[in-house]
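Inside the fold
Okay, here's what each chain looks like letter by letter:
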Amino acid sequence: MPEPVDAVEMQTALARLRRTSGLPVAFGGLLSDARHARIAELNGAQTSALRGLVISAGSGLGGKAIALARPCAVTDYAASRHISHEYDPAVAAEGLRSVVAVPVVVRRTVRGVLYGALRAPVSLGDRTFDAAVAAARDVEQALAVRDEVRSLLALTREQVTGPGAAPGAWEDVREAHRELRALVPKVVDPALRDELLGVCGRLASASGVRVPEAREVRLAPREVDVVACVAAGATNAAAARRLGLRPETVKGYLRSAMRKLGAHTRLEAVVAARRAGLLP
């Protein structure tokens with residue numbers, strides 16, 4: 001079963017590819033193992049001939065792009081002498097002639113392939129190549145974020161999260177909480193984002209330091225993110241870099257959080273947030 005990014009981010013990338021390149025057809029999919037990609041998403045196709053097609057490394061245009069880890073193109077797919085022709089029936093059924101294939105590469109590993117195509121034998125220019133590469137970069141970024149989230153979630157589950165955890169262990173938990181919260185806005189898949197927020201909530205309440213009589217405080221997600229960075233000793237500038245915000249925006253979130261927490265200093269804001277169970 002394809003990962004959510006295959007259905008969500010791939011669709012977005014293919015729509016962008018058609019919009020920015022002017023190509024009428026775009027399609028693609030992720031690798032199921034080191035040598036095979038499955039075409040799972042189509043945009044602008046008139047038939048379902050390409051859907052579910054399994055592309056092997058080295059075979060056809062996409063397989064060539066996977067094997068070489070670089071973009072490849074042909075002006076007339078069926079007549080090209082530079083590719084093998086295992087997939088000619090599906091390509092012909094869709095009426096494709098001029099095709100570009102771009103690998104999705106994350107940390108030097110090919111993870112998928114995107115295609116853009118015309119139904120006429122026209123030489124593709126730099127603008128088309130640039131648009132295809134940019135669409136692939138969107139998928140690469142989504143995959144990299146997902147990988148980081150999964151890694152942090154796995155690490156977090158191994159952390160000691162009981163009230164008696166050693167101080168050093170709690171610093172690890174707090175760092176994981178900050179990193180996970182910083183990733184939330186970058187996650188496209190709603191299910192993964194909800195899982196991420198759920199873990200953040202469990203981490204925030206795991207220390208058992210919440211004061212029962214403390215007044216209920218509701219902070220916006222970005223306000224929690226900023227206070228979490230402050231708890232790590234980050235300056236406004238450092239928090240801005242970490243969260244992808246402007247320093248002025250960080251200041252605004254921090255002022256708002258301090259007002260809601262009834263805090264007059266950055267330290268008081270951190271202490272109040274922990275007492276309210278908003279930070280671990």
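What comes next concerns the included structure. (Residues numbered from 1 in each chain as written. Predicted model: local features only at pLDDT ≥ 70, side-chain atom pairs only at ≥ 80, totals over all residues. Heavy atoms only, no water.)

Below, the discussion takes up the packing of helix α9 (residues 236-243) against helix α10 (residues 247-261). Interaxial distance between α9 and α10 falls to 8 Å at its minimum, and their mutual angle equals 105 degrees. As far as their axial angle goes, α10 and α9 are roughly perpendicular. Contacts between α9 and α10 involve N236, A239 and A240 from the former and P247, V250, K251 and L254 from the latter. Taken together, the residues of the contact of α9 with α10 sort by class into five nonpolar, one polar and one charged. (Axes fitted to C-alpha atoms, helices over the stretch in contact; angles between N-to-C directions. Helix = DSSP H or I, 4+ residues; strand = E, 2+ residues; numbered from the N terminus. Parallel < 35°, antiparallel > 145°, perpendicular 65-115°, else oblique. Contact = heavy atoms within 4.5 Å. Nonpolar A, V, L, I, M, F, W, Y, C, P; charged D, E, K, R; others polar.)

Time to look at helix α2 (residues 9-21). The first and last C-alpha atoms of α2 sit 18 Å apart over 13 residues, in line with the 18 Å expected at 1.5 Å per residue. For α2, the set of buried residues is E9, M10, A13, L14, L17 and S21. All buried residues of α2 project into a common sector of 135 degrees when viewed along the axis, lining one side. Of the residues trailing α2, G22 is marked for its positive phi of about 85 degrees. (Expected span 1.5 Å × (residues − 1). Buried < 20%, exposed > 50% of the residue type's maximum accessible area, 1.4 Å probe, protein only. Arc of directions from axis to C-beta.)

Most of strand β1 (residues 25-30) sits out of view: six of its six residues are buried. The alternating pattern of β1 places V25, F27 and G29 and A26, G28 and L30 on opposite faces, both of which are buried. Direction of pairing for β1 relative to strand β7 (residues 109-118): antiparallel, over a ladder of six bridges. Across the sheet, the residue bridging to A26 is G116, located in β7. Here β1 pairs with strand β3 (residues 41-43) via three bridges, running antiparallel. Within the sheet, the bridge partner assigned to A26 lies in β3 and is N43. (Pairing = 2+ DSSP bridges.)

Attention shifts here to the sheet that holds β1. If you trace the five strands from one edge of the open sheet to the other, you get β3-β1-β7-β6-β5, paired in antiparallel fashion. Here the strands that pair on one side only, and so sit at the sheet edges, are β3 and β5 (72-74). The mean angle between the axes of side-by-side strands here comes to 15 degrees, regardless of whether they run parallel or antiparallel. In terms of strand pairing, strand β6 (residues 98-106) meets β7 through nine bridges, oriented antiparallel. Looking at β7, one finds that P103 is bridged to V113.

Okay, the pattern of salt bridges next. Across all of its chains, the model carries nine salt bridges by this definition. K260 is the salt-bridge partner of E223, the closest N and O atoms lying 2.9 Å from each other. You can see E223 sitting in helix α8 (residues 221-231) and its partner K260 sitting in helix α10, a full 37 residues away along the chain. A salt bridge links E248 to R246; the nearest nitrogen and oxygen atoms lie 3.9 Å apart. Each member of the salt-bridge network shares a partner with another, and the members are R107, R111 and D147. (Salt bridge = Lys/Arg side-chain N within 4 Å of Asp/Glu carboxyl O.)

In this section: unusual backbone geometry. One non-glycine residue, A69, lies in the positive phi region at around 55 degrees. In this structure, A69 sits in the loop between α3 (60-68) and β5. Taking relative accessible area as the criterion, A69 reaches 41% and is therefore assigned partly exposed. Phi angles above zero are rare outside glycine, and R108 is one such case at about 70 degrees. In this fold, R108 is placed in the loop between β6 and β7. Given a relative accessible area of 84%, R108 falls into the exposed group.

Looking at the secondary structure, you find N43 in strand β3. A polar contact of 2.6 Å, which involves the side chain of N43, links it to the side chain of R18. Not counting residues within four places of it along the chain, the set of residues in contact with N43 comprises Q11, L14, A15, R18, P24, V25 and A26. (Polar contact = N/O pair within 3.5 Å; in protein donor to acceptor, adjacent residues only side chain to side chain.)

With that out of the way, let us pick up α8. Within α8, nine of the eleven residues are buried, which leaves it mostly tucked inside the rest of the structure. R222, E223, V224, D225, V226, V227, A228, C229 and V230 are the residues of α8 that are buried. One or two positions beyond α8, positive phi appears at G233, with a value near 90 degrees.

Our next topic: the packing of α8 against α9. Axis separation between α8 and α9 bottoms out at 9 Å; the angle between their running directions is 125 degrees. Taken together, the axes of α8 and α9 lie oblique to each other. Crossing handedness for the pair α8 and α9: right-handed. Each of R222, D225, V226 and C229 in α8 lies in contact with α9, whose residues at this interface are A239, R242 and L243. Of the residues contributing to the contact of α8 with α9, the split by class is four nonpolar, no polar and three charged. (Left-handed = near helix turned anticlockwise from the far one by under 90°.)

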